[in-house]
Amino acid sequence: MSSRTLAQAYRRFGEVEAAGTSPLYERVAVALSESDEALRAIEAAPAGKRHPTVILAALHDLALAGRAPALAAAYAAGDRDAAAAAAIDALQHMTDSVVAVAARRRPRPDETGRCAVLYPPIAEAARRGGANAVGLIDVGCSAALNLNVDRVGLTYSNGQSLGDPSSPVRLSSSVVGDRPVPTRAMPEVVARIGVDLDPVDVTDADDARWLRACVWPDQPERAARLEAEMALAASAPPLLLRGDAVDVLPDAFAQVPADALPVVTTTWALSRVPLESRLSLLHCLHEAAAGRAVAWVSVEGVGVAPAIPTFSDRRASGHSIIGVALFDHSTLHAEAVGRCWSRGRLLAWLADS
């Protein structure tokens, strides 16, 4: 990426992606796009780590760690001009530190809404598998916050509710169409396992700070929600397995008691890997089902999850397909049960259940 292209990327991020959502990041990103010194510092990062979300999170991480106090103060005060100046200064004088953080970390997406989309199909998979208990295995788990799906209070725009009504974590989703989501309760969760190439442990101070750094500094509601989600996860830490899903899943299945149904979940994780890897995951699930029933709940873009029907929707349609697949010996039953938009903030349940 040339300096000119890099400048264009930061200006676009500020004027398009951050505009109306984060006035601080809008100002900071545009300022970085106009600073030759800042752009030279960013160019010191590996090519795949120069994106604004990575660099801005790395700067935020240093601010949260107390290593960039001027930037931390500007963020706390919501002073956009001071934040822009402090970000440029940090990049100039702490280039190695910024690059070091960016090089070893990847941005963590906001997981809000995923539990509201995951709960109904997990309960449906358990029903179809005749299971009284499930073991959750989240592939591409990020911080493994999805594994607390049964411990979160969920509300839907039509007045329905699921999960734990007393939970400190409350999430919501708007129901699209006139069909309600199933109100079937999820059975007991007896195992929580996260699988990721680089899992984040919320009980580790550095990992937890990085999650906070990925939240834009002028989004206090999102920050407060993350704190509640991390506290909930830390109260019953999941088992985190590091590695490629195909290599690690056999170990994950072994951690699920024999009388429980293993339910693998993927939420917008498969689009990051080539088709060959997705097919290998499908084969891995088939192999695991030789000895026991296995379920897969997927929330992926149209046509991304192999074997999951798509309602004949077009690819890149702007929404995702919610799929439920049950593997039992040589038999596979796969069905698309709904659609969702905006990372789970809108949900349409379409299956008969």
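In case you missed it, the structure is sitting above this.
Owing to the predicted nature of the structure, the values given are computational and were not obtained by experimental measurement. (Residues numbered from 1 in each chain as written. Predicted model: local features only at pLDDT ≥ 70, side-chain atom pairs only at ≥ 80, totals over all residues. Heavy atoms only, no water.)

A. Summary view of the overall build of the protein. Counting its regular elements, the protein contains twelve helices and eleven strands. Against the 2.2 N^0.38 benchmark of 20 Å for 353 residues, the protein shows a C-alpha radius of gyration of 21 Å, consistent with a compact globule. Over its C-alpha atoms, taken along the principal directions, the protein stretches across nearly 60 × 40 × 40 Å. Burial statistics for the protein: of 353 residues in total, 53% are counted as buried. (Helix = DSSP H or I, 4+ residues; strand = E, 2+ residues; numbered from the N terminus. Rg over C-alpha atoms; globule rule 2.2 N^0.38 Å. Buried < 20%, exposed > 50% of the residue type's maximum accessible area, 1.4 Å probe, protein only.)

B. Examining the pairing of strand β8 (residues 294–301) more closely. Of all eight residues making up β8, seven are buried, and the element is well covered by its neighbours. As defined by bridge partners, strand β7 (residues 261–267) adjoins β8 across five bridges and the pair is classed as parallel. Bridge assignment links Thr267 to a residue of β8, and that residue is Val299. Handedness of the crossover joining β7 and β8 through helix α12 (residues 275–288): right-handed. (Pairing = 2+ DSSP bridges. Right-handed = clockwise from strand over helix to strand, strands pointing away.)

C. Focus on the sheet that holds strand β4 (residues 170–175). Taken in spatial order, the eleven strands make up an open sheet running β3-β2-β4-β11-β10-β9-β8-β7-β1-β5-β6, and their pairing is mixed. The strands lining the two open edges of the sheet, one partner per strand, are β3 (161–163) and β6 (239–242). For this sheet, the mean angle separating the axes of adjacent strands, direction not counted, is 25°. With four bridges joining them, strand β2 (residues 153–156) and β4 adopt parallel strand pairing. The residue bridging Thr155 from the neighbouring strand is Ser172, located in β4. The sheet contacts of α12 involve β7, β8, β9 (320–328) and β10 (331–341), and relative to β8 the element is tilted by about 165°. (Axes fitted to C-alpha atoms, helices over the stretch in contact; angles between N-to-C directions. Contact = heavy atoms within 4.5 Å.)

D. Spotlight on the environment of Asp247. Relative to the helices and strands, Asp247 is located in helix α11 (residues 245–254). For the pair Asp247 and Glu15, spaced 232 residues apart in sequence, the C-alpha to C-alpha distance is 42 Å.

E. Structural context of the side chain of Arg105. Assignment of secondary structure puts Arg105 in the loop between α7 (95–104) and α8 (114–128). With relative accessibility at 7%, the residue Arg105 sits in the buried group. One polar contact links the side chain of Arg105 to the main-chain carbonyl oxygen of Asp206, over a distance of 3.4 Å. Among the polar contacts listed, one links the side chain of Arg105 to the side chain of Asp207, at a separation of 2.9 Å. (Polar contact = N/O pair within 3.5 Å; in protein donor to acceptor, adjacent residues only side chain to side chain.)

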